[in-house]
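Architecture at a glance
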Amino acid sequence: MSDDTTQSAPVSTASASEGSAQESVRLVCVLNESGLHARPAARLSQEAQKFQADISIGMSGRTVDAKSILDILTLAAGHGANLELRATGVDAHAALEQLAGLFKNRFQ
Amino acid sequence: MALSILTGIPISAGISIGKAFFLNRSHFGQVPRQTLAAELVTGEMERLRQAFAQARSELAAIRDRVPAELKDHALIIDSHLMIMGDPKLMGAAINHLETLHINAEWALEKAVSDLEGAFKALDDPYFRERLQDVRLVAERVQNDLLGQKVDFKSIDSRVVLLAYDLTPADTIELQVDKIMSFATVMGGKTSHAGILAKSLGIPAVVGVSGLEEHIQDGNLVILDGIKGKVIVEPDEEELALYGDLKYQFESYRAGIIKNCHLPGETIDGYRIKVKANIELYEEVAQVVDNGGEGIGLFRTEYAYLNRTSLPDEDELYEHYRDLADILSPKRVILRTLDLGADKFMAHFGRLEEHNPAMGLRAIRFCLRHRELFKTQLRAILRASVVGNISIMFPMISGLKELRQSLALLRECQQELVRQGLSYNPDMPVGIMMELPAAVMVAEILAREVDFFSIGTNDLIQYSLGIDRTNRHVSYLYQPLHPAVVRSIKHVVDAAHQAGIECDLCGEMASDPFCVPILMGMQIDAISLNPQTIPGIKHIIRQVTMDDCKKLLKQVLDSPTVSRTNQLVRETVFQKFPDQLSFFFSLLDTDEGPSQ
């Protein structure tokens, strides 16, 4: 068992050549007690908007846009929810690294 | 008779009487709706974009003016700024405008009503109430579109503020010193308005429908933040009644705070200790301020949560030592880890547990993971040389678990001796009585420990076989169920027969209906949230042990919970009819005590 609470599961990763499209997937768990409430959702969408990649969040068969705070709020992800982050674009890997870090640090 | 009496949700206790002042703002349902000729669409889109940009810069400017002590408001405004820029709001509004050829106000309104569907479908009330944030943000943009400005400067005397809603941004712009109290149409228990009222310490009622229809600027109103009423143009009699109630409430509030440092003692001289349940060192100040006579339950879980590595022995030792030291000579009862495997998935792997409440948790988890447990036991033992520390094991079901725990404690003591580290060999050892099995064998357990502490939250759930977070059965969560009352009595009697102390640290300790009954059983101490201590001490200080014993006798004969409640009301609260509502109105309803 990893000491880490987020687990990376790289799926089809394209060649590492500069500027090519990447696809990346990571599983994260909502560790903060109150879930993805307004403030964490604001942080998450704010960070996601810094990347060019399209980033989605999947939960229980629903998928929403990680750059939309409203989308994230309507996921109503509570404490302990397992989410799948998926990014496609030139900076997909870096984007998910950054977002997974937020989950790990409980959006502190 | 008053012109009208409106009702809402009381969110901050108190009474105020004054002139109504409306915070004049538009809200949905009133926006103009027009269809546009095709050539006007581009210009209208630009107007909508401009309004968003303007609203955004206004809000950002307000955010920069937020004083440091209102940091929470700043964070809420940040989330509002994100909503304002969200593609699902502005993008959707632009899209409606472009495809339907409608005016900007209508397009925005449509975008909001699209979002309403998504939010209203959510089960969780917290997330559902966030629709309100969307509305507030959109309202700001509407105000810019309609050219409406809110003039906060015009309040010239102290008023009862009335508004459709109050936003965190409003609260920065308002002259709060001019507001005696406020009422809003919108808002629920978790609304920003409630947080504001509590931080200002003024009465407030939210969720009042008909506010705008029934009240005009300058009307005389009574705002009752205890029962949740707004009384418009009261008559002489109502004014006299509420003037009196205001005085009583304010003396009650001042009195319980003033007297909270007196001992928990009945009129006829019977002493019961009133202690606090806490989980953070930082809460010590509240315990002292509210007259807590020690810590009846220190939840040690916090040091293990919100981190990826386990705390080491030295860190825990320093933590416990500092706590004991600052409260010395008051007693501090440290409850050993009451966690399940779900909280340690990173270290021990997640267990597939169908029913975690009956799974590997608390003492069972600790006895399985002995090294983790021993680290905590050694830290507690080392800290026990300072102040007045007791240790308490949770979820003990019988003698075997108790003896296994005591054996580990002895093992740790021997290790410390070998290492030349000191500990207090006489540190009292107690157990939580929270399983029906432990209740049944209380006499046996009492012979091998120094004290009991009854954890009523779990005891009630396990005794009545209900999960109170399950809304289908939560109505069955009844602290005064005859089975629960008898169980508690059995444990107290067993403890006293064995010559040991019996405390109680569940929510029943902060329930004014339960406390007189517990006192009748001659419980030695109760332990509760620090904020509730003054109100409970106040009740203790105005009853007699004689009353409590008589009440207990009747309660034990009472076959139903409703009869029991009636008995308590008649015995304790008949003399003070307003006291119960005062007591409850001062509790922080958002904060469900957990044990």
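Presented here is a report on the structure given in the accompanying data block. (Residues numbered from 1 in each chain as written. Chains lettered and ligands numbered in written order. Predicted model: local features only at pLDDT ≥ 70, side-chain atom pairs only at ≥ 80, totals over all residues.)

1. Regarding the overall build of chain B
The test is simple: In this description a helix means any DSSP run of H or I spanning at least four residues, a strand means any run of E spanning at least two, and both kinds are numbered starting from the N terminus. As a rule, residues whose C-beta atom has 12 or fewer other C-beta atoms within 10 Å are exposed, those with 20 or more are buried, and those in between are partly exposed; C-beta atoms are placed from the backbone.
Within chain B one finds 25 helices and 16 strands. By the burial criterion, 43% of the 595 residues in chain B qualify as buried.

2. Considerations on the sheet that holds strand E5 (residues 179-184) of chain B
Residue and element names in this part refer to chain B. Just so we agree on the cut-off: Strand pairing is assigned whenever DSSP identifies at least 2 bridges connecting the two strands. Simply put, an axis is a line fit to the C-alpha atoms, just over the touching stretch for a helix, and the angle between two N-to-C directions goes from 0 to 180 degrees.
Read across the sheet, 8 strands follow the order E1-E8-E7-E3-E4-E5-E6-E2 without closing on themselves; strand pairing throughout is mixed. The strands lining the two open edges of the sheet, one partner per strand, are strand E1 (4-7) and strand E2 (9-12). Strand-to-strand twist across the sheet, computed as the mean angle between neighbouring axes with direction ignored, equals 30°. Here strand E4 (residues 159-163) runs beside E5; their pairing, made up of 5 bridges, is parallel. Residue pairing for E5: valine 160 is matched across the bridge by serine 181.

3. Describing the environment of B:Ile272
All names here are of chain B. Put simply, the rule reads: A pair of residues counts as a contact when their C-beta atoms, built from backbone coordinates, are within 7 Å of each other.
For isoleucine 272, the location among the structural elements is in the loop between helix H10 (236-259) and strand E9 (273-278). Looking at isoleucine 272, the number of C-beta atoms within 10 Å reads 23, which means it is buried. C-alpha of isoleucine 272 to C-alpha of methionine 519: the two residues are 247 residues apart in sequence and 7.6 Å apart in space. Residue contacts for isoleucine 272: discarding those within four places in its chain leaves Gly264, Met519, Ile523, Ala525, Ile526 and Ile540.

4. Digging into the pairing of strand E16 (residues 525-528) of chain B
Residue and element names in this part refer to chain B. Selection rule: Handedness of a crossover is defined as follows: orient the strands so they point away from the viewer, and if the path from the first strand over the helix to the second runs clockwise, the crossover is right-handed.
On E16, burial covers both faces: Ala525 and Ser527 on one face and Ile526 and Leu528 on the other are all buried. Pairing of E9 with E16 involves 4 bridges; the strand directions are parallel. Along E16, the bridge assignment pairs lysine 275 with serine 527. After leaving strand E15 (residues 501-504), the chain enters helix H21 (residues 515-520) and then returns to the sheet as E16, a path that is right-handed.

5. Some thoughts on the nonpolar core
Our working rule: Defined on buried residues, the nonpolar core groups Ala, Val, Leu, Ile, Met, Phe, Trp, Tyr and Cys residues joined through C-beta atoms within 7 Å. Each domain's limits were defined by an automated method or a database of domain assignments.
Within the largest apolar cluster, 129 residues are counted, with the highest numbers of intra-cluster contacts made by B:Leu162, B:Phe182, B:Tyr320, B:Val491, B:Leu518, B:Ile523 and B:Ile526. Of all the elements, helix H20 (residues 482-497) of chain B adds the most residues to this core, at 7 residues. If you count residues domain by domain, this core takes at least three from each of domain 1 (4-25 + 151-254) and domain 3 (260-585) of chain B. The residues contacting B:Phe182, other than those within four sequence positions of it, are B:Val160, B:Leu161, B:Leu162, B:Ala163, B:Leu166, B:Ala197 and B:Ala204. Of all hydrophobic cores here, the second largest spans 64 residues; its members include A:Ala53, A:Ile57, A:Ile69 and B:Ala104.

6. Some thoughts on the interface of chain A and chain B
The criterion, for reference: Throughout this entry, Asp, Glu, Lys and Arg are counted as charged residues, while Ala, Val, Leu, Ile, Met, Phe, Trp, Tyr, Cys and Pro are counted as nonpolar. The remaining residues, Gly among them, count as polar.
Contact residues are listed per partner, giving 19 residues for chain A and 24 residues for chain B. Ranked by residue count, the leading element in the side of chain A that touches chain B is helix H1 (residues 38-48) of chain A, at 6 residues. Classifying every residue of the side of chain A that touches chain B by side-chain character gives 8 nonpolar, 7 polar and 4 charged.

7. Some thoughts on unusual backbone geometry
Residue and element names in this part refer to chain B. A cis amide bond links serine 328 to the next residue, proline 329, at an omega of 5°. Mapped onto the elements, proline 329 comes out in the loop between helix H12 (313-327) and strand E11 (331-335). Phi is positive for histidine 101, which is not a glycine, with a value near 55°. Checked against the element boundaries, histidine 101 lands in the loop between helix H3 (87-100) and helix H4 (104-120). What makes histidine 101 partly exposed here is the crowd of 16 C-beta atoms within 10 Å. Although it is not a glycine, methionine 395 adopts a positive phi angle of roughly 60°. Position of methionine 395 relative to the elements: it lies in the loop between strand E12 (388-393) and helix H16 (399-419). We classify methionine 395 as buried; it has 21 C-beta atoms within 10 Å.

8. A short note on the packing of helix H2 (residues 71-84) of chain B against helix H6 (residues 131-146) of chain B
Residues and elements named next belong to chain B. For clarity, the threshold we go by: An angle below 35 degrees is read as roughly parallel, one above 145 as roughly antiparallel, one from 65 to 115 as roughly perpendicular, and any other as oblique.
The geometry of H2 relative to H6 is characterised by a closest axis approach of 9 Å and an angle of 70° between their N-to-C directions. Relative to H6, H2 is oriented roughly perpendicular. When H2 is examined against H6, the residues Ser79, His80, Ile83 and Met84 are found in contact with a partner set consisting of Asp133, Val134, Leu136 and Val137.

9. Focus on the environment of B:Arg56
Relative to the assigned elements, B:Arg56 resides in helix H1 (residues 41-64). Looking at B:Arg56, the number of C-beta atoms within 10 Å reads 19, which means it is partly exposed.

10. Things to note about H1(A)
For H1(A), a buried count of 8 out of 11 residues is recorded, marking the element as mostly surrounded by other parts of the structure. Within H1(A) the residues assigned to the buried category are A:Ala38, A:Pro40, A:Ala41, A:Ala42, A:Arg43, A:Leu44, A:Ser45 and A:Ala48. Turning to H1(A), the residues buried within the fold contact strand E3 (54-59), helix H2 (69-75) and helix H3 (92-104) of chain A together with H2 and H6 of chain B.

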